[in-house]
Amino acid sequence: MSDSTMKTVRPGNTPSGKTWLERFEKIDRRWIFLLVGLGTLIPILFPIGFPVSVTPPVKSIYEKIETLGPGDVVLFSYDYGPTTAAENAPMIDAVLRHCLQRRIKVIALALYPLGGFTETARSLSVVMAEYPDRVYGVDYVNLGYKDGAQAAMRQMAEDMHAVFPTDSRGTALSEIPLMQQVRSLRDVDLVVTVATGIIGEWWANLINAQFGIPIALGCTAVSAPKYYAYLDAGQIIGLMGGLKGASEYERLLIDGYPLAATIYEDPLLQSAMKGMDVQTVDHVIIIGFILLGNVAFFMSRRRAPRR
Amino acid sequence: MEPYQLIGTWVAAGLTLCLFSFLYKDNPFFRFAEALFAGVSLGYYIGITLSQTIKPNLILPLAQGVTWDNAHLLFAGLVGINLYTRYIPKIAWFARLSLAIYVGYFVGINMVQKLQGEVLPQSADAMVNLLPPAAGGGIDWFPGSFNALLSFVGVVSVLVYFFFSVEHKGIVRPVSRLGIWFLMLGFGAAFGYTVMGRVSLLIGRFNFLVIEWIGGTMRAFGGGS
């Protein structure tokens, strides 16, 4: 028998000679990845259905749209791409459904270069299929993408037809009935921007500040803290921050409109409310590791010999 | 699901798994997917700008004939093309003229935008009434006054922390230390939101793999609802 196997294992030590504390401090991070992966996969396969509470910044967007109706026009600016679609797409889809429920006319455009145009097409094809009686050109229009967002939106406040001579299909705007009544941003009742970067800020500090056009803003969770300054200053009427904001809007829509409720019952629909189950489980795992990591850190500091 | 959609879904799923493989360790599959993403993104950007901006806003109007109404487009086009003179060493300096125009335009638009749209309204919003009136008369001590005081102390202490013209000692030291605490609370909130954002992206990919890739393939072959 070798010497190593003859060693006795002291209490608190593992057979390798390291304490549990030392082993935990040097845990392979891939175990954490695996746990987070399982925490993500299991609630997707077996939804839990945690309740979603609604906060005032999201409710104020909903209430603003409730004041609008047939004949009013809302402009949707798709200022995000596929890289953040997981959290941005549910929020813009939910607000779009809300507008269609109220028969509000919709102008869609994209100012984000890397996929904004594709996201506009995706969103319109998915949501408009749920409302087949809406007519392109009369009830909604897709203006496509325009480069140079800041300059484009500044000019849109004066003349949208100069910035977008044609829609995404190449039809002249003057031939589109909806765009005959909308010459500039001053003719729209609300701008809804869902943004992944700085474009959301530009809608607030350029279009709202200089032209007083109301802005409703959805953003990635990472950007949410900075937008609270704009919300508090009254530069945006409401804020949807990350997947939580999107889930709150879905909750309001489901409670307010039976047709929307049936849409969100579809098991194939990747809604934000389902995502919040995963968020809860994953956050518990991450908080657990943060707590354990801190406990291990402070315990090892106490055990370390003082100099 | 159409056959071409199914092929696209499988390609996307394969690339997703290539990127996930980095969680185990760096490998050629990850690097391939990463490089492909960078290349496709650039190609997409060029294509979308050509088809959605340069063609409808520049080429088509000029193709219909140059008039006084659209003559300014010639100038804009020349300014853009002029940027590429930097690849011809003898006249490379010419590109600086275009850059000067771009920089000048955006400096001008940003100065007004930042001052009018950020500095003034948000400074005004930070100047809170420390003794706000309550709805039923008197002073709204809680939460009104408490929140206003918290906001006031936070703004002042953080501003003091970033004030480097005086040495942080004496009364300045505890105030700037308090500013650090407020900053840390802010960073903590931002970190929490960042975790939520990153988990959301993970959910998006898992939803794609489960619902669209595995589920879509099963549905395409009649194996699931």
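Residues numbered from 1 in each chain as written. Chains lettered and ligands numbered in written order. Predicted model: local features only at pLDDT ≥ 70, side-chain atom pairs only at ≥ 80, totals over all residues.

Here we look at the overall build of chain B
Item 1. When you go through chain B residue by residue, the secondary structure sums to 6 helices and 0 strands.
Item 2. A compact globule built from 225 residues would reach a C-alpha radius of gyration of about 17 Å, whereas chain B, at 28 Å, exceeds it by more than 25%.
Item 3. Along the first, second and third principal axes, the C-alpha atoms of chain B reach 70 × 65 × 45 Å.
Item 4. Residues counted as buried form 10% of the 225 residues belonging to chain B.
Item 5. For chain B, contacts bridging at least 24 residues in sequence account for 23% of all contacts bridging at least 6. (Helix = DSSP H or I, 4+ residues; strand = E, 2+ residues; numbered from the N terminus. Rg over C-alpha atoms; globule rule 2.2 N^0.38 Å. Buried ≥ 20, exposed ≤ 12 C-beta atoms within 10 Å, placed from the backbone. Contact = placed C-beta atoms within 7 Å.)

Notes on the interface of chain A and chain B
Item 1. The interface of chain A with chain B comprises 45 residues on the first partner and 39 residues on the second.
Item 2. Per element, the largest residue contribution to the side of chain A that touches chain B is 6 residues, and it comes from helix H3 (residues 29-45) of chain A.
Item 3. Along the lines of polarity and charge, the residues of the side of chain A that touches chain B split into 24 nonpolar, 13 polar and 8 charged. (Nonpolar A, V, L, I, M, F, W, Y, C, P; charged D, E, K, R; others polar.)

What about the sheet that holds strand S2 (residues 105-110) of chain A?
All names here are of chain A.
Item 1. Strand order in this open sheet of 6 strands is S3-S2-S1-S4-S5-S6, and the pairing throughout is parallel. A single partner strand is all that each edge strand has here, and the edge strands are strand S3 (140-145) and strand S6 (238-241). When strand polarity is set aside, the average angle formed by the axes of neighbouring strands in this sheet is 15 degrees.
Item 2. Pairing of strand S1 (residues 73-79) with S2 involves 6 bridges; the strand directions are parallel. Looking across to S2, one finds that Tyr78 is bridged to Ala110. (Pairing = 2+ DSSP bridges. Axes fitted to C-alpha atoms, helices over the stretch in contact; angles between N-to-C directions.)

A word on the pairing of S3 of chain A
Residue and element names in this part refer to chain A.
Item 1. With 6 of 6 residues buried, S3 lies mostly within the body of the structure.
Item 2. Where S2 and S3 come together, 4 bridges link them in parallel fashion. When the bridges of S3 are listed, Ala110 appears paired with Tyr145.
Item 3. Handedness of the crossover is the feature at issue here: the chain leaves S2, passes through helix H6 (residues 116-130), returns alongside S3, and the resulting connection is right-handed. (Right-handed = clockwise from strand over helix to strand, strands pointing away.)

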